[in-house]
2 protein chains.
Amino acid sequence: MTQQQEKQQLHGSITENRVNGIDLETLKGTVQAIADDPELGKCRFRATNAWYGGTDNRTTVSEFYGAKQDIPHKQQFVIRADEPSILAGDDEGANPVEYLLSALAACVTTSMVAHAAVRGIHIDSLESELEGDIDINGYLGLSKSTPKGYTDIRIRFKVRTDADNMEQLKELSSFSPVLNTLTQGTNVSIEIEGV
Amino acid sequence: MTQQQEKQQLHGSITENRVNGIDLETLKGTVQAIADDPELGKCRFRATNAWYGGTDNRTTVSEFYGAKQDIPHKQQFVIRADEPSILAGDDEGANPVEYLLSALAACVTTSMVAHAAVRGIHIDSLESELEGDIDINGYLGLSKSTPKGYTDIRIRFKVRTDADNMEQLKELSSFSPVLNTLTQGTNVSIEIEGV
């Protein structure tokens, strides 16, 4: 198999049960089960984090709750965050606001690809570039009127697909949970207890 | 050196220039430079993402803009996202909404530790557990009235520090850029172009 053929098979492969590499039988099974019993769709995603000193900390993701049960991942994922030297770190990992961009990129990509697959829209390749603006005068407490978080994030997708699909793909991006969390906001409660 | 001493040195070490492992000279230098010239605080964080087929995609973080210049990370960070099998993936990485939790955990942790260091508040250890609610009836398009993103996220920190510091640490968490992005929301623009 040539590299090109492998890539084709990896990305936008079309087999009996797969579109865009998505296993439609599995996905449609999940959708049907939740349609029959909406309680199955209530998910709780979980993570733990440990501080390693300075700006170095690591998040572990092991399991989540969905379909009325705790579901273990097949492996533990450890996500290391740090800060660049200008922010007093050792630059041993992407920083938290960069992980936020990665979450957004991954989520909009997966949302488009999966929703396209269900609708029979074939995508051959998909890449994106993201850029987000934070004025750290807010974070550093130098300006009380400056927002502390991102004010604007821009995503530019480059997609290889039939030109007719472009407009619909853009509409499908709106299903992304991370995109909706960022644009709509969410409640976050914080408790701190001593040990 | 005993393991306990090593841990002490790693986490909440107190030396002439470091509190909580944070290099205060570097951090205060950055703060002073931005206080003198607020334009230096305008940052643009960047990421690129490539789709690898199905629900597998990878984000690369290489550099960011700050202090009026592009600043390369000392290494490239590649962040792989996937979905568990129930969402038609191969479970080769944390999923996007789990990366969002990791971004939040890392950011609130770093914000508390660094702001505490500047104020001379010593922290010996810090861990957290996060849980966030998403009803994927929204994402799957099964219910138009169900929010597609997180509705509530809970963080529980366990901290070893003087009991007197607890209330102030909670206040310092409010500096976190990811926390503020999630609670306040942000603008996200999406462009899609063919290749």
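Structural data are supplied above this passage.
For clarity, every value in this text was computed on a predicted model and none was experimentally measured. (Residues numbered from 1 in each chain as written. Chains lettered and ligands numbered in written order. Predicted model: local features only at pLDDT ≥ 70, side-chain atom pairs only at ≥ 80, totals over all residues. Heavy atoms only, no water.)

(A) Quick look at the interface of chain B and chain A. Taken together, the contact pairs 129 residues of chain B with 129 residues of chain A. Taking both sides of the interface into account, the surface hidden between chain B and chain A amounts to around 11,600 Å²; carbon and sulfur atoms contribute 63%. Ranking the residues of chain B by area buried against chain A places Phe45, Trp51 and Tyr139 of chain B at the top, with a combined share of 8%. If you look at where chain B meets chain A, you find 10 salt bridges. (Contact = heavy atoms within 4.5 Å. Buried area = accessible area lost by both parts, 1.4 Å probe. Salt bridge = Lys/Arg side-chain N within 4 Å of Asp/Glu carboxyl O.)

(B) Main features of the pairing of strand 3 (residues 42-51) of chain A. Note that strand 3 of chain A and strand 6 (residues 125-135) of chain B share 9 bridges and pair antiparallel. Paired with Ala50 of chain A across the two strands is Glu127 of chain B, which belongs to strand 6 of chain B. Looking at chain direction, strand 3 of chain A and strand 4 (residues 57-66) of chain A are connected through 6 bridges and run antiparallel. Residue Arg44 of chain A lies in a different strand from strand 4 of chain A, and its bridge partner there is Tyr65 of chain A. Counted along the chain from strand 3 of chain A to the antiparallel partner strand 4 of chain A, the turn is 5 residues long, and its residue Gly53 of chain A has a positive phi close to 100°. (Pairing = 2+ DSSP bridges. Helix = DSSP H or I, 4+ residues; strand = E, 2+ residues; numbered from the N terminus.)

(C) Representation of the environment of Gly138 of chain B in the model. In this fold, Gly138 of chain B is placed in the loop between strand 6 and strand 7 (152-160). Judged by relative accessible area, which is 0%, Gly138 of chain B ranks as buried. The spacing of Gly138 of chain B and Ala94 of chain B is 44 residues in sequence and 20 Å in space, taken between C-alpha atoms. Discounting residues that sit within four places of it in the chain, Gly138 of chain B has contacts with Phe175 of chain A together with Ser143, Thr146, Pro147 and Lys148 of chain B. (Buried < 20%, exposed > 50% of the residue type's maximum accessible area, 1.4 Å probe, protein only.)

(D) A look at unusual backbone geometry. Residues and elements named next belong to chain A. Phi is positive for Ala67, close to 50°, though the residue is something other than glycine. The phi dihedral of Ala88 is positive, around 70°, even though this residue is not glycine. With respect to the helices and strands, Ala88 occurs in the loop between strand 5 (69-81) and helix 3 (96-118). The class of Ala88 is buried, set by a relative accessible area of 10%.

(E) Examining the nonpolar core more closely. Counting residues in each nonpolar core, the largest one holds 116 residues, and the members touching the most others are Leu104, Leu169 and Leu182 of chain A together with Leu104 and Leu169 of chain B. With sequence-adjacent residues up to four places away left out, Leu169 of chain A is seen in contact with Met112, Ala116, Ile121, Ile123, Val159 and Thr161 of chain A together with Ile192 of chain B. (Core = buried A, V, L, I, M, F, W, Y, C linked by side-chain atoms within 4.5 Å.)

(F) Broad picture of the side chain of Ser173 of chain A. By the secondary structure assignment, Ser173 of chain A is in the loop between helix 4 (166-172) and helix 5 (177-184). Look at Ser173 of chain A and you get buried, because its relative accessible area is 3%. For Ser173 of chain A, the contacting residues outside a window of four places in its chain are Val108, Met112 and Leu179 of chain A together with Ile190 of chain B.

(G) A look at the pattern of salt bridges. Using the criterion set out here, one finds 26 salt bridges over all chains in the structure. Here Asp56 of chain A makes a salt bridge to Arg80 of chain A, at a shortest N to O gap of 2.9 Å. Taken together, the residues Asp56 of chain A in the loop between strand 3 and strand 4 and Arg80 of chain A in strand 5 connect sequence positions 24 residues apart. Judged by relative accessible area, Asp56 of chain A falls into the buried class, the value being 11%. Here Arg80 of chain A falls in the partly exposed class, since its relative accessible area comes to 30%. As a salt-bridge pair, Arg46 of chain B and Glu131 of chain A come within 2.9 Å of each other at their nearest N and O atoms. Note that Arg46 of chain B is positioned in strand 3 (residues 42-51) and Glu131 of chain A in strand 6 (residues 125-135), a pairing that runs across two chains. Here the two residues Arg46 of chain B and Glu131 of chain A agree in accessibility, since each one is buried. The structure contains a network of salt bridges with shared partners spanning Arg44, Arg46, Glu63 and Asp70 of chain A together with Glu131, Asp133 and Arg154 of chain B.

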